[in-house]
Amino acid sequence: MRVPLSWLREYVDLPATETGRDVQANLISAGLEVETVEQIGADLKGPLVVGQVLTIEELTEFKKPIRFCTVDVGTANGTGEPQEIVCGARNFAVGDKVVVVLPGAVLPGNFAIAARKTYGKTSHGMICSGDELGMGDDGSGGIIVLPPEHEVGTDAIELLQLVDEVLDIAVTPDRGYALSMRGVAREAAIAYGRPLLDPALLDVPAPNAFGYPVQVADPRGCDRFTARTVTGLDPEARSPIWLKRRLQKAGMRPISLAVDITNYVMLELGQPLHAYDRNRVQGAIGVRRAEQGEKLTTLDGVVRTLDAEDLVITDDRGPIGLAGVMGGANTEIDDTEGTTTEVVIEAAHFDAISIARTARRHKLASEASKRFERGVDPQAASAAAQRTVDLLVLLAGGTADAGVTEVIAPSAPHTITIPANHPDKVAGVIYGRETVVRRLQQVGCDVYGQDELIVTAPSWRPDLTDPNDLAEEVIRLEGYENLPSTLPKPPAGLGLTGRQRLHRRIGRALAGAGYVEALNYPFIGEHVFDQLGLADDDPKRKVVKLVNPLSDEEPALRTTLLPGLLQALRRNDGRGSHDLALFETGLVFHPQEELRIAGRLPVDRRPTDEEIASLTAALPVQPRHAAVVLAGAREQAGWWGKGRPADWADAVEAARTLAHEAGTELLVRSGQYGPWHPGRCAELAVRVGGAEQVIGYAGELHPGVLKTLGLPARTCAMELDLDALEQASEGLPKGPKISTFPVATQDVALVVDKFVPHSDVEAALREGAGELLESIRLFDVYENSEQLGEGKKSLAYALRFRAADRTLTVDEASAARDAAVALAAERTEAVLRGA
């Protein structure tokens, strides 16, 4: 909403010294979003006067038509002689009153005016158009031709109101009243403590039986319809300068007198209006829902196919307007022909939701729909119609018809009961009952009661529906800047949950291992499962689909973190970053076996535990996963030696890192699943309640997947279920007990079948070594059929033994080692290498 300061001063007696910036600051303090203050004409300097064209000489020897004019500017040029001016415009004639800028003046854009020779003549000034004066489009498309009553030599800066300040207000959806001068003036009056000269306080005649016939078939969609008729209009009458200028400053283009007046009243009072050419309306005006597929040509010349939910204005022929959005072309006031002498004024109140849906359905946003969908004052319809009639009588020489039509659906005012100290509790500030009552009355509420206030909301504030809305009004008018800054005091004993602590530890551990966190949107398209090579019956293919997705290509919620991470890796690799290690922790979504509909939670109280549980039960299953992807070099080459590319072992090590942070023993064995290379894929499992549970996979991705997704060669990945990992853990990991006694190291090399997993051998060694074993590490894997035999491999382990209370003897360490080797031989048929 653009608000000219000169117009605002008509309704509020602002101090003469107040600038637009001052008013902006006060309105912002009151809660309005005043984005900018435009200084119109700030760089304009006169002399700029009214002139009368005396002669016109056509200069025909040039490529384009040029006119050499003499213009009477009175004594503004200091001599009283006619001013000689060269002009290329064609829309004025001898005798016309025009706007002339004289040498020494400066036009907007720092365009200095001086006498200059052009087209063989000397031009002493310019005959101006609206664009040259910064007025915008006035619809004429050429030189400004003034009405003949203006005297020659009159200061045109004041006449055309070229100097002003305009406040640009971003009106939020709950403050539709601010889309009018009346609404903004009310806020300014409150901010400055000045009385409001309400433009809606007019003497309106009572409705009678002689008005234009109106039939409202849908009182829910239209609860108020006022119709007034004006006859005897002068078809040659044009909008006066002051009316055009106010429309232009407010961001609207002047069109014709009748249309300009309806737009002016809409800006003034906030009530959209429509004027029909009475001679083009056949029969009674009606309001109803459209028939499915019905046609209407709107004022923009587009033939629109109507929906059964659209509210339309009709006559005996059918629809003549899209209610609250745009009128129809068949009843348009045609200013070009100058034949409209009788108009019917419509001032109605339509259902906000219906208008909003219609405007969006037809992609037809208008100034009217913008106001109706935010809430229009239904009580202002009669005053707006009367204001329009008065202006048509004054400016177009019309006669107001005695008939007044008003169709009103009965409704009661909205009342709210609120404790007098409720705003105090919300703000944490003691305002007191008197302040609360005064502020509510300032916004237009009727307030009764003492400790319990009964508040009747004004008709122009449909957003005031509950006690918190009223508390907000008190707080904003008292000043948000006056609220003290206080920190909340949480009760003792609260903190992060175990799940949250694990999430943070894992993030820190992966970051410490050289991974960079990459957060991705949780949306995927189902085609990605084919790209990852998942089986047709894979549970990950069962997705939760969104009703209103951000993108039609990604309508589902993810069941795996890999698509987003791999996309991020491909994007970074394509932009020159080839050595990548990315990780993400986040939720994945699986549909419930039984579809449940979530209930609507109350807003006037805290939901009960049962209501919250019912809502939670309707949500998808949302386990938290962790995933990593790697490509390029894992260790960089340099003076210290050769680098090392990332491989499947790094992905497995990332899984071990997570298990360590969770305090869980991770079982790693050969596996095969979806996007991973079948020979370089590790299956990750944990023991839960004595049973093994697979929680993820790690390794190198399949070459076919890499080719399909455009990923670098040898890209590796790991993904596991963090919630399952947490369930298998024994709580927070405990710090090791540090012994002061020395360690005893024993190395063993075991020959086993090449298909025996290392994890089975390690588990047997760990169990057989007993309590003296401090750690075990695989440091070598060796395969040689000539030395070891066909299908055999050698696994070399470093066993560290330590006792907490003594120094171990060689015999004790050797016995523990032998026990470990014996159990490994029993379970995996391992044989000591060289034995």
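Residues numbered from 1 in each chain as written. Predicted model: local features only at pLDDT ≥ 70, side-chain atom pairs only at ≥ 80, totals over all residues. Heavy atoms only, no water.

> Can you lay out the packing of aromatic side chains for me, pointing to particular residues and giving the numbers?
Tallied over the entire structure, the rule returns 9 aromatic pairs. Between Trp242 and Tyr264, the aromatic rings sit 5.6 Å apart at their centres with planes inclined by 80 degrees, giving edge-to-face as the arrangement. Linking Trp242 in helix H5 (residues 241-249) with Tyr264 in helix H6 (residues 257-269), this pair joins segments that are 22 residues apart in sequence. On the basis of relative accessibility, which here comes to 1%, the residue Tyr264 falls in the buried class. Consider the rings of Phe350 and Phe372, whose centres lie 5.2 Å apart with planes at 70 degrees: the pair is edge-to-face. Of the two residues, Phe350 sits in strand E23 (residues 343-350) while Phe372 sits in helix H8 (residues 367-372), which places them 22 residues apart along the sequence. Just as Phe350 is buried, Phe372 falls in that class too. Here the guanidinium or amino end of Arg67 rests over the ring plane of Phe92, the centre of that ring lying 4.8 Å away. (Phe/Tyr/Trp six-rings, centres within 6.5 Å; stacked < 30°, edge-to-face > 60°. Helix = DSSP H or I, 4+ residues; strand = E, 2+ residues; numbered from the N terminus. Buried < 20%, exposed > 50% of the residue type's maximum accessible area, 1.4 Å probe, protein only. Lys NZ or Arg CZ within 6 Å of the ring centre and 35° of its normal.)

> Explain helix H22 (residues 810-828) to me, and be specific about the residues and the numbers.
With 19 residues, H22 ought to run about 27 Å at 1.5 Å a step, and its terminal C-alpha atoms sit 27 Å apart, in line with that. Every buried residue of H22 is listed here: Ala813, Ser814, Ala816, Ala820, Val821, Leu823, Ala824 and Thr828. Of the surrounding elements, those touching the buried residues of H22 are strand E39 (744-753), helix H20 (758-769), strand E41 (792-801) and strand E42 (831-832). Looking one or two places after H22, you find Glu829, whose phi comes out positive at around 60 degrees. (Expected span 1.5 Å × (residues − 1). Contact = heavy atoms within 4.5 Å.)

> Report on the sheet that holds E42, specifying residues and quantitative values.
Across the sheet, which stays open at both edges, the 4 strands sit in the order E40-E41-E39-E42 with antiparallel pairing between neighbours. Because the sheet does not close on itself, it has two edges, and the strands there are strand E40 (773-782) and E42. Where E40 meets E41, 8 bridges bridge the pair, whose relative direction is antiparallel. By the bridge assignment for E41, Arg777 is matched with Ala798. In the packing of H22 onto the sheet, contacts are made with E39, E41 and E42, and the angle to E39 comes to roughly 15 degrees. (Pairing = 2+ DSSP bridges. Axes fitted to C-alpha atoms, helices over the stretch in contact; angles between N-to-C directions.)

> An account of the state of the cysteines is requested, with residue identities and associated values reported.
Here a disulfide denotes a covalent bond joining the sulfur atom of one cysteine to the sulfur atom of another. The full count for this structure, using the stated rule, is 0 disulfides. Cysteine Cys87 is unpaired, with the sulfur of Cys69 as its nearest cysteine sulfur at 5.8 Å. With relative accessibility at 7%, the residue Cys87 sits in the buried group. (Disulfide = S-S within 2.5 Å.)

> Talk me through helix H17 (residues 648-662); I want residue IDs and the actual numbers.
In this model H17 runs 22 Å from its N-terminal to its C-terminal C-alpha over 15 residues, within 8% of the 21 Å that 1.5 Å per residue would give. Among the residues making up H17, those that are buried are Asp650, Ala651, Val652, Ala654, Ala655, Leu658, Ala659, Glu661 and Ala662. A positive phi of about 70 degrees marks Gly663, the residue just after H17.

> Got a sec to walk through the pairing of strand E5 (residues 83-87)? Specific residues and values, please.
Judged by how many residues are buried, E5 sits mostly within the fold: 4 of 5 residues are covered. Pairing of strand E4 (residues 66-72) with E5, which is carried by 5 bridges, proceeds in the antiparallel orientation. Opposite Cys69, over in E5, you have Ile85 as the bridge partner.

> So what's going on with unusual backbone geometry? Which residues, and what values?
Unlike most non-glycine residues, Gln161 shows phi in positive territory, near 50 degrees. As for its placement among the helices and strands, Gln161 is situated in the loop between helix H3 (156-159) and strand E13 (164-170).

> Would you mind going over the side chain of Asp377 in detail, with residue names and values included?
Tracing the chain through its elements places Asp377 in the loop between H8 and helix H9 (381-396). A polar contact of 3.0 Å, which involves the side chain of Asp377, links it to the backbone nitrogen of Gln379. Sequence-distant contacts of Asp377, that is, excluding residues within four places in its chain, are made with Arg182, Gln271, His349, Ser459 and Trp460. (Polar contact = N/O pair within 3.5 Å; in protein donor to acceptor, adjacent residues only side chain to side chain.)

> Lay out the sheet that holds strand E15 (residues 222-231) with the relevant residues and their values.
Read across the open sheet, the 4 strands follow the order E16-E23-E15-E24; overall the sheet is antiparallel. Each edge of the open sheet is held by one strand with a lone partner, namely strand E16 (274-277) and strand E24 (399-408). Mean inter-strand twist for the sheet, computed between neighbouring axes without regard to direction, equals 20 degrees. Sheet topology places E16 next to E23; 4 bridges connect them, and they run antiparallel. Bridged to His274 within E23 is Glu346. Sheet strands in contact with H9 are E15, E23 and E24, and its direction is about 15 degrees off that of E15.

> How would you explain the pairing of strand E21 (residues 318-322) if you had to name every residue and give the values?
Remark: a regular strand shows side chains that alternate across the two faces of the sheet. Burial of E21 is extensive: 5 of the 5 residues sit out of reach of the surface. Note that strand E20 (residues 311-315) and E21 share 4 bridges and pair antiparallel. Pairing of Thr314 across the sheet is with Pro319, part of E21. Hairpin connection, E20 to E21: the antiparallel pair is bridged by 2 residues. Judged from the 2 bridges that link them, E21 and strand E22 (residues 326-327) form a sheet pairing that is antiparallel. Bridging across to E22, Leu322 finds its partner in Met326. With antiparallel pairing between neighbouring strands as the criterion, E21 and E22 make up a hairpin whose turn holds 3 residues, including Gly324 at a positive phi of roughly 70 degrees.

> Explain the pattern of salt bridges residue by residue, including any values.
A side chain of one charge can pair with a side chain of the opposite charge if their charged atoms are brought near each other. Counted according to the given criterion, the structure contains 52 salt bridges. In this structure, Arg182 and Asp377 form a salt bridge, with 3.1 Å as the shortest nitrogen-oxygen distance. In this pair, Arg182 sits in helix H4 (residues 181-192) while Asp377 sits in the loop between H8 and H9, placing the two residues 195 residues apart along the sequence. Each member of the pair, Arg182 as well as Asp377, carries the same accessibility label: buried. (Salt bridge = Lys/Arg side-chain N within 4 Å of Asp/Glu carboxyl O.)

> Give a detailed account of the packing of helix H11 (residues 433-442) against helix H12 (residues 467-478), specifying residues and quantitative values.
Following both chains from N to C, one finds H11 and H12 inclined at 95 degrees, their axes separated by 9 Å at the closest point. Considering the angle they form, H11 stands roughly perpendicular to H12. The residues of H12 that touch H11, namely those facing Thr435, Val436, Arg438, Arg439, Leu440 and Gln442, are Leu470, Glu473, Val474, Leu477 and Glu478. Of the residues that constitute the contact of H11 with H12, the class distribution is 5 nonpolar, 2 polar and 4 charged. (Parallel < 35°, antiparallel > 145°, perpendicular 65-115°, else oblique. Nonpolar A, V, L, I, M, F, W, Y, C, P; charged D, E, K, R; others polar.)

> Which residues make up the environment of Asn468, and what values do they have?
Turning to its location among the elements, Asn468 is positioned in helix H12. A relative accessible area of 46% places Asn468 in the partly exposed class. With residues near it in sequence (within four places) discarded, Asn468 still touches His422 and Val426. Reaching out from Asn468, the side chain makes a polar contact with the side chain of His422 at a distance of 2.9 Å.

> Could you give me a rundown of the environment of Leu580, with the residues and numbers involved?
By secondary structure assignment, the location of Leu580 is in strand E31 (residues 580-587). Separated by 49 residues in sequence, Leu580 and Val629 place their C-alpha atoms 7.8 Å apart. When neighbours within four sequence positions are excluded, Leu580 is seen to be in contact with Leu569, Asn572, Asp573, Val629, Leu630 and Ala631.

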